[in-house]
Amino acid sequence: GKDGYRHYMEKELHEHPVVVGQTLQRFIDPTTHRIVPLNLPFDLSSIHRVSISACGSAFYAGLIGRYWIENYARIPVDIDVASELRYRNPPMEKGGLGILVSQSGETADTLAALKTFRENEQHIVSIVNVDQSSIARQSDYVFGTVAGPEISVASTKAFSAQLSVLACLAIALARAHNKIDPLQEEEMVNHLLELPSKISQIFVKKKEIQQMAEFVADAKTVLYLGRGSFFPLALEGALKLKEISYIHAEAYAAGEMKHGPIALIDQTVPVIAIAPSGPQFDKIASNLQEAKARGGRLLVFTDQAGAERLQTVAEQCIILPEVDAFVAPIIYTVPIQYLAYEVAIKKGTDVDQPRNLAKSVTVE
Ligand code: F6R
């Protein structure tokens, strides 16, 4: 049942902290705070190219995974939506690593991507939530997310569990390639281990998220902006909003605004920014100034320091716990999805069963 929540989606949103904790437990040694030996059927140090493929939200998790693997392990990563991989037909050197990300493990396009990886003699690992699924069965190695059954059509907790696995895999690759030392590994792991309690703190922001939702529910179109590893979260936010509230939304890397989309902005367009303070903050702050100057109404997810800096430009800031930049995308996932949920409530849509959608897409 829904355990007293209004919808499965709300219940599953509240499972984020537990699911992240359970998934991390599978890959982290509780005494050494290092990633456990993975017993893969190949050597991670032999991997010099990674390809990721997935659909929808799982694809956005993959985009964040690319960011981590390239940044920490310094291995080049290719990523394609699964429905396009075989048509782009990218050259793959034998012995590369192909990663599939799928909650259901039954998505036909993702299964087709797996076949493409197989034809190209890639080592195939999958990040799936359903152990006995087709994608899991056909992979060389399965990283199980421990999210439990996800009933709501819109994916929530599976996404943060996928990110948790990708973060651990990035650390394992970085270690195998001598890009981090044991101390750095322990530090990164410690940041991950802080997540469940930090994510729990987000639910006290419910009233503020509902207030933001009020504003978004009146809009015809919404823009989501982010930079770096937060750009995929902007995509995730826009997808969730479209999917369950039927409000049109688009996401842009904040720096792209001035190359066209800024023409859309007027007083009726909420601009939702994912902008924690950190290395990219100054840039996104100036992108937001530009949007504000054109009448855009800025709604910002940030931290205390970011909120102070954006005080005069933002219509509303939701202040999230301070976290290391490495794990911040996992924290910021939760309020972004929660906002879409609260907007859908205001629109009165069928949140758990949005129109035209099925939980598992088994046609190509
Ligand atoms: C979004 C959503 C979809 C799925 C996509 C992939 O909320 O649920 O975009 O993420 O259909 O599904 P899986 O992960 O089962 O392969």
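Quick notes on the rules
- Residues numbered from 1 in each chain as written.
- Predicted model: local features only at pLDDT ≥ 70, side-chain atom pairs only at ≥ 80, totals over all residues.
- Heavy atoms only, no water.
- UniProt positions renumbered as here; feature names shortened; annotations may be inferred.
- Helix = DSSP H or I, 4+ residues; strand = E, 2+ residues; numbered from the N terminus.
- Rg over C-alpha atoms; globule rule 2.2 N^0.38 Å.
- Buried < 20%, exposed > 50% of the residue type's maximum accessible area, 1.4 Å probe, protein only.
- Areas by Shrake-Rupley, 256 points an atom, 1.4 Å probe, with all protein chains shown as cover.
- Lys, Arg positive; Asp, Glu negative; His and termini not counted.
- Charge placed at Lys NZ, Arg CZ, Asp CG, Glu CD.
- Near = heavy atom within 4 Å.
- Polar contact = N/O pair within 3.5 Å; in protein donor to acceptor, adjacent residues only side chain to side chain.
- pLDDT = per-residue confidence, 0-100.
- Pairing = 2+ DSSP bridges.
- Right-handed = clockwise from strand over helix to strand, strands pointing away.
- Core = buried A, V, L, I, M, F, W, Y, C linked by side-chain atoms within 4.5 Å.
- Contact = heavy atoms within 4.5 Å.
- Expected span 1.5 Å × (residues − 1).
- Phe/Tyr/Trp six-rings, centres within 6.5 Å; stacked < 30°, edge-to-face > 60°.
- Axes fitted to C-alpha atoms, helices over the stretch in contact; angles between N-to-C directions.

Per an unreviewed UniProt entry, the recorded name for the protein chain is Glutamine--fructose-6-phosphate aminotransferase [isomerizing], and the organism is Entomobacter blattae. The annotation that UniProt attaches to the protein chain under Subcellular location (unreviewed entry) is "Cytoplasm". Quoted verbatim from the Function (unreviewed entry) field of UniProt, the annotation for the protein chain is "Catalyzes the first step in hexosamine metabolism, converting fructose-6P into glucosamine-6P using glutamine as a nitrogen source."

Caption draft 1: View of the overall build of the protein chain. In terms of helices and strands, the protein chain carries 14 helices and ten strands. Taken over C-alpha atoms, the radius of gyration comes to 20 Å for the protein chain, in line with the 21 Å a tight globule of 364 residues would show. With respect to the three principal axes, the spread of C-alpha positions in the protein chain is 55 × 45 × 45 Å. Classification of the 364 residues of the protein chain by burial places 57% in the buried group. About 14700 Å² of surface is accessible on the protein chain, with carbon and sulfur atoms providing 49% of the total. The averaged location of the 42 negative side-chain charges in the protein chain is 3 Å from the averaged location of its 35 positive side-chain charges.

Caption draft 2: Structural detail: the site of the ligand. With respect to spatial proximity, 14 residues lie near the ligand, and among them Ser102, Gln103, Ser104, Thr107 and Glu243 are the closest. At a separation of 2.7 Å, an oxygen atom of the ligand approaches a polar side-chain atom of Ser104. Interatomic distance of 3.0 Å between a backbone N/O atom of Ser155 and an oxygen atom of the ligand. Within the complex, the protein chains bury 89% of what would otherwise be the 410 Å² of accessible surface of the ligand. If you list the elements that add at least two residues to the shell around the ligand, you get α3 (56-73) and α11 (231-245).

Caption draft 3: Broad picture of the confidence of the model for the protein chain. Across the protein chain, the average pLDDT comes to 96, with 100% of residues at or above 70. Complex prediction metrics read pTM 0.98 and ipTM 0.99.

Caption draft 4: The arrangement of the pairing of strand β4 (residues 123-128) in detail. Of all the six residues making up β4, five are buried; the element is thus mostly covered by neighbouring parts of the structure. Bridge analysis of strand β3 (residues 97-102) against β4 gives six bridges, and the strand direction is parallel. Residue Ser102 lies in a different strand from β4, and its bridge partner there is Val128. Handedness of the crossover joining β3 and β4 through helix α5 (residues 108-119): right-handed. Pairing analysis gives four bridges linking β4 to strand β5 (residues 141-144), with the strands arranged parallel. Following the sheet pairing, Ile127 is matched in β5 by Phe143.

Caption draft 5: Quick look at the nonpolar core. Judged by nonpolar contacts, the single largest core of 94 residues is most densely connected at Ile99, Phe143, Leu192 and Tyr224. When sequence neighbours within four positions are dropped, the list of residues in contact with Ile99 reads Val50, Ser51, Ile52, Ser53, Ile69, Phe117, Val125, Ile127 and Leu169. In terms of nonpolar packing, the next biggest core, distinct from the first, is built from 22 residues, Ala254, Ala291, Val300 and Leu310 among them.

Caption draft 6: Broad picture of helix α7 (residues 157-176). Helix length check: α7 (20 residues) gives 29 Å between terminal C-alpha atoms against 28 Å at 1.5 Å per residue, within 8%. Of all 20 residues that make up α7, 18 are buried, and the element is covered over most of its length. Within two residues after α7, Asn178 carries a phi angle of roughly 55°, on the positive side.

Caption draft 7: Quick peek at the packing of aromatic side chains. Enumeration over the complete set of coordinates arrives at eight aromatic pairs. Between Phe27 and Phe143, the ring centres sit 5.7 Å apart and the planes meet at 45°, which makes this aromatic pair tilted. Of this pair, Phe27 sits in helix α2 (residues 16-27) while Phe143 sits in strand β5, placing them 116 residues apart in sequence. By relative accessible area, Phe143 is classed as buried at 3%.

Caption draft 8: Spatial organisation of helix α14 (residues 328-347). In this model α14 runs 29 Å from its N-terminal to its C-terminal C-alpha over 20 residues, within 8% of the 28 Å that 1.5 Å per residue would give. Extensive coverage of α14 is indicated by the burial of 17 of its 20 residues.

Caption draft 9: Inspection of the sheet that holds strand β9 (residues 297-302) at higher detail. The parallel open sheet is built from five strands, whose spatial order is β7-β6-β8-β9-β10. The open sheet terminates on both sides in strands that have one partner only, identified here as β7 (248-253) and β10 (316-319). Neighbour-to-neighbour, the strand axes of this sheet turn through a mean angle of 20°, independent of strand direction. Two strands pair when backbone bridges link them, and strand β6 (residues 221-226) and β7 are joined in this way by six bridges, in the parallel orientation. From the neighbouring strand, Tyr224 faces β7, where its bridge partner is Ala251. Packed onto the sheet, helix α10 (residues 206-217) meets β6, β8 (270-274), β9 and β10 and runs at close to 145° relative to β10. In the packing of α11 onto the sheet, the strands contacted are β6, β7 and β8, and the crossing angle to β7 comes to about 175°.

Caption draft 10: Representation of the sheet that holds β3. Spatially, five strands are ordered β2-β1-β3-β4-β5 in an open sheet, and the strand pairing comes out parallel. A strand with exactly one partner marks an edge of an open sheet, and here the two such strands are β2 (77-81) and β5. Geometrically, the sheet is characterised by an average inter-axis angle of 20° between neighbouring strands, direction not taken into account. Sitting on the sheet, α3 touches β1 (50-54), β2 and β3, and the angle it makes with β2 is about 170°.

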